[in-house]
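# Coordinate inspection notes
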Amino acid sequence: MGNVIVRVVLEHPVPVLFDYRCDASTSPLPGQLVRVPFGKRYLVGLIWEVTQHSDVPLERLREVDALWAECPPLTAQWRALATFAANYYQRALGEVVLPALPQGVREASRWGRLLAASQIYRILPAGIEALPAALPPQATARRRLAAALHEAGKLTAAAARALHPQAIKLLDAWQQAGWVTQEAETAAQQVEATTATASTVNRLLEAAPELTVEQADVLEAIHGAHGFAPFLLHGVTGSGKTEVYLRALATLLAREPAAQALVLVPEINLTPQFEAFFRARLAAWPTDALVTLHSGLAEGERSRAWLAAHTGRARIVLGTRLAVLASLPRLALIIVDEEHDAAYKQQEKLRYSARDLAIWRAKQLNIPIILGSATPSLETWRHAQLKHYTRLTLTQRAVAEAVLPVTQLIDMSAPKRRSEAGLEGLSTPLLDALRERLACGEQSLIFLNRRGYAPALSCTACGWVAGCVRCSAFLVLHKQERGMRCHHCGWHSRIPHACAECGNVDLAPLGRGTQKLEEALAAALPEARILRIDADSTRRKGSAQALFASVSAGEIDILVGTQMIAKGHDFQRVTLVGVLNADAALFSHDFRASERLFAQLLQASGRAGRAGHGEVLIQTRYPQHPLYQALARHDYVGFAETTLAEREQARLPPFSYQALLRAEARTLEAALTFLARSAAELDALPGTERVTRYEPVPMLIVKVMHVQRAHLLLESTSRSALQSALRAWQPHLQALKIKDVLRWSIEVDPLEF
């Protein structure tokens, strides 16, 4: 049959497609994975086009080494999503396409194991007789797997793996023994599973808890939507947004049993809570009808979940920001929970916003999207103001006896509040409130968004502060680990015995972190069961889930933590929230700092009183600040309107659009030189009059891992003008060669400066 030419996307920073010859008998299709020679290596790529023509002579084209025929091609709609992301975020196509695929999917050696996920294992008569006697009594997990197989007669690989982590290996061994047979799932069996799913959803709708009037009104609006319909679900904390999500999903899947839905959450730690809630209500579903996708999964788990979504077996995909690029050929509904959260913005390589890509994807597919938050981003709120989005509101908590907590501002600038037992930073009213909750058997939460023991260690004689040898940042004291650590590069060292400048041995911690707060609370309230949850206490896989479970089970009296505990979690027994050290964000150089602070504190406050009464105590030196006053009133609308007016006057987002050019170099001088030359190139380009360019400046943390960093900001009131300027600028940036410059990157719609 001869050859055809395939144009292949490779993970390469050069924005070009690479042409290869391919045997026409293999019937290559756009969207299929291939392995191709590239230089002296072999790389996995994705066929983007199949053609008969190439600008390179046919005899010079190299041949495709292997084609992954087992994997269904990625659809034209998915390829359009990747193309948009590459163009908008100013990256090469290969920097979007290949990183979006799990490593296991890109490796041919793993395909046998991945395809096993769609296999069915059926017990044979010989197995019914032999298995019970072949398994020792102490082999509980193996006996559970055998019992489930005997009872049902058959199990999918996913269902078996849920019963035993080594299920596939065991089942393969039982197959060799003649006790089990293996078969691929047929189209008829898939239809049967789909029908079962639909009936399960109908039963769910009948057995679900009664909705509030507001929830019913919201769902009526969502169910009545046709085509692209972006909804802003603005609901106070505890108003039952998750129930609305579940009802919307259930109605969709009952109406369209083969449809798929994507549910995004901002952090990995929120996925177990959502998954448990969904699975509890959808108990009769096939195991892989609901899958999770996030970076915390083992590579095999992530690849199997991706494949379940790609083949349509997964009806609901629950994940963090990377899930927005998952292949979902029958996607019919998107939900973005806590849509305001900065965690939806990727901060390296392809610096995309998952929320924004989700909105684009919904528009592309002409489907509804629900953006849920108690504190919507100002960009989203502005769209609702302009009627681009339909705003739906939940003003009351879903539990009848639960009301929004009472917020009290503790003035720390008043005549010195003396802390008890020498506890610097904990006011008497807060300690008294903690004691009251202990006496009543209720839980309390103390929010301090700073991990470690203290943010710095200083010499009391000369003022020297321990700094990182690789970064322009202070080392954080971690007393329990008996060490110092840099939170930017990970450098760690022992606690110094003396000042590096003057030799003084009297070194003192500056400020406080969650470890120091935990220690102080234990000294003041020795009878309390105290738990700290932050990035340090949840490093091991599954540790965060176990800690949150202990809180929900009532095994903890006082929970201390960072922003990890402030969002999304439903702590039914928490009636008091205390907030420490929030004032610094009021005077940040970042114009978004106040928006982040308000959202953070309102979310933290929302953990109190979800099943009844609640109280929030915020320690501040500025109790009259408008942000705190709006917070005390639970007045997000007033805060948003005031802040938007300020942004409009200053022509800041969402009334303008921004991009950052970052440069990293061995010396700061080289980084600034590169940016200055880049600025000159931009100024010389025609048609950039509508773009404002600011001067290059060093970044706030100038040095990270011995690399010096600087950036310059571009701004325009026209998104298209900014994008046009960036596209025209790219070739000039790629041609610039400055000694000691290691890398540069463009970030569109930056959230942090």
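Residues numbered from 1 in each chain as written. Predicted model: local features only at pLDDT ≥ 70, side-chain atom pairs only at ≥ 80, totals over all residues. Heavy atoms only, no water.

Moving on to the overall build of the protein chain. Of the regular secondary structure elements, the protein chain holds 23 helices and 31 strands. Relative to the compact-globule value of 27 Å for 753 residues, the protein chain shows a C-alpha radius of gyration of 28 Å, a close match. Seen through its C-alpha atoms, the protein chain measures out along the principal axes to roughly 85 × 70 × 55 Å. Within the protein chain, the fraction of its 753 residues that count as buried is 53%. Partitioning the contacts of the protein chain with sequence separation of at least 6, the portion at a separation of at least 24 is 74%. Accessible area of the protein chain: about 33,000 Å², with a carbon and sulfur share of 53%. Charge centroids of the protein chain, computed over 82 positive and 73 negative side chains, lie 4 Å from each other. (Helix = DSSP H or I, 4+ residues; strand = E, 2+ residues; numbered from the N terminus. Rg over C-alpha atoms; globule rule 2.2 N^0.38 Å. Buried < 20%, exposed > 50% of the residue type's maximum accessible area, 1.4 Å probe, protein only. Contact = heavy atoms within 4.5 Å. Areas by Shrake-Rupley, 256 points an atom, 1.4 Å probe, with all protein chains shown as cover. Lys, Arg positive; Asp, Glu negative; His and termini not counted. Charge placed at Lys NZ, Arg CZ, Asp CG, Glu CD.)

Turning next to the pairing of strand β9 (residues 229–235). Burial within β9 is extensive, with seven of its seven residues counted as buried. Side-chain alternation along β9 places A229, F231, L233 and G235 on one buried face and P230, L232 and H234 on a second face that is also buried. Two elements, β9 and strand β14 (residues 368–373), share six bridges in a ladder whose sense is parallel. Each residue of the ladder has a partner; that of A229, found in β14, is P368. As judged from the five bridges shared by β9 and strand β15 (residues 390–394), these two strands associate in the parallel manner. Following the sheet pairing, L233 is matched in β15 by L392. (Pairing = 2+ DSSP bridges.)

What follows is about the environment of T395. Secondary-structure assignment places T395 in the loop between β15 and β16 (406–411). A residue is classified by how much of its surface remains accessible, and T395, at 40% relative accessible area, is partly exposed. Along the sequence, T395 and T237 sit 158 residues apart, while their C-alpha atoms lie 9.1 Å from each other. Setting aside residues no more than four positions away along its own chain, T395 makes contact with E214 and V236. At 2.5 Å, the side chain of T395 and the side chain of E214 are in polar contact. (Polar contact = N/O pair within 3.5 Å; in protein donor to acceptor, adjacent residues only side chain to side chain.)

We now examine the sheet that holds strand β13 (residues 331–337). On the basis of which strands lie adjacent, the open sheet formed by seven strands has the order β11-β12-β10-β13-β14-β9-β15 and parallel pairing. Every interior strand has two partners, whereas the edge strands, β11 (290–293) and β15, have only one. Shown here is a sheet whose adjacent strand axes are inclined to one another by a mean of 20°, direction ignored. Pairing of strand β10 (residues 260–264) with strand β12 (residues 316–319), which is carried by four bridges, proceeds in the parallel orientation. Opposite L264, over in β12, you have G319 as the bridge partner. Along the sheet, helix α10 (residues 213–223) makes contact with β9, β14 and β15, crossing β15 at roughly 160°. (Axes fitted to C-alpha atoms, helices over the stretch in contact; angles between N-to-C directions.)

Axis angle and axis distance: for two packed helices, these are the angle between their axes and the distance between the axes, and together they describe the pair. Remark: helix α19 (residues 593–605) packs on helix α21 (residues 636–650), axes separated minimally by 11 Å, with the N-to-C direction vectors making an angle of 175°. As judged from the angle between their axes, α19 and α21 are roughly antiparallel. Contact residues: α19 offers S594, E595 and F598, while α21 offers Y636, F639 and R647. (Parallel < 35°, antiparallel > 145°, perpendicular 65-115°, else oblique.)

Quick look at the nonpolar core now. Ranked by size, the top nonpolar core spans 80 residues in total, and within it V97, L264, I334, F674 and W729 carry the most contacts. Once residues lying within four places of it in the same chain are set aside, the contact partners of I334 are L262, A358, R361, A362, I367, P368, I369 and I370. Membership of the second largest hydrophobic core comes to 40 residues, among which are I533, V574, V579 and L644. (Core = buried A, V, L, I, M, F, W, Y, C linked by side-chain atoms within 4.5 Å.)

Our next topic: the state of the cysteines. Here a disulfide denotes a covalent bond joining the sulfur atom of one cysteine to the sulfur atom of another. Taken as a whole, this structure holds zero disulfides when the rule is applied. Not engaged in a disulfide, the cysteine C486 finds its nearest cysteine sulfur in C468; these two sulfurs lie 3.8 Å apart. Note on C486: relative accessible area 1%, which makes it buried. (Disulfide = S-S within 2.5 Å.)

This next bit is on the pattern of salt bridges. Tallying each qualifying case throughout the model produces 33 salt bridges. In this structure, the salt-bridge partner of R21 is E63, at a minimum N-O distance of 3.6 Å. Taken together, the residues span a long stretch of sequence, with R21 in strand β2 (residues 18–23) and E63 in the loop between β4 (41–51) and β5 (66–67) at a distance of 42 residues. For R21, a relative accessible area of 19% corresponds to the buried category. A relative accessible area of 38% means that E63 is categorised as partly exposed. Between R592 and E379 there is a salt bridge; the shortest N-O distance is 3.2 Å. In this pair, R592 is assigned in the loop between β25 (574–579) and α19 and E379 in helix α15 (residues 378–385), connecting sequence segments 213 residues apart. (Salt bridge = Lys/Arg side-chain N within 4 Å of Asp/Glu carboxyl O.)

With that out of the way, let us pick up the environment of Y657. Following the sequence through the fold, Y657 ends up in strand β27 (residues 657–665). Spatially, the C-alpha atom of Y657 lies 5.6 Å from that of E715, the residues being 58 residues apart in sequence. Setting aside its immediate chain neighbours within four residues, Y657 contacts L714, E715, S716, T717, S718, R719 and L722.

With that out of the way, let us pick up the sheet that holds strand β24 (residues 558–561). Judged by pairing direction, the sheet is parallel, and its six strands sit side by side in the order β16-β26-β25-β17-β24-β23 without closing on themselves. Lying at the two open borders of the sheet, with one neighbouring strand each, are β16 and β23 (530–533). Across the sheet, the mean angle separating the axes of adjacent strands is 20° when strand polarity is ignored. In the sheet, β23 pairs with β24 via four bridges, with the strands oriented parallel. Opposite I533, over in β24, you have G561 as the bridge partner.

Turning our attention to the pairing of β12. Judged by which residues are buried, β12 turns out to be covered on both faces: I316 and L318 on one side and V317 and G319 on the other are all buried. In this fold, the crossover linking β11 to β12 by way of helix α13 (residues 299–311) has right-handed handedness. (Right-handed = clockwise from strand over helix to strand, strands pointing away.)

In regions of low pLDDT, the predicted coordinates are not meant to be interpreted in detail. With 93% of its residues at a pLDDT of at least 70, the protein chain reaches an overall mean of 89. Note on residues 186–192: pLDDT is under 50 here. Beyond four places in sequence and across chains, it has six contacts. Between residues 418–422, whose pLDDT stays under 50, and residues either more than four places distant or in other chains, the model counts seven contacts. (pLDDT = per-residue confidence, 0-100.)

A few words now on the side chain of D534. Along the chain, D534 falls in the loop between β23 and α18 (543–552). For D534, a relative accessible area of 0% corresponds to the buried category. A polar side-chain atom of D534 sits 3.0 Å from the main-chain amide nitrogen of D536. Excluding residues that lie within four positions of it along the chain, D534 makes contacts with R451, T514, T562 and M564.

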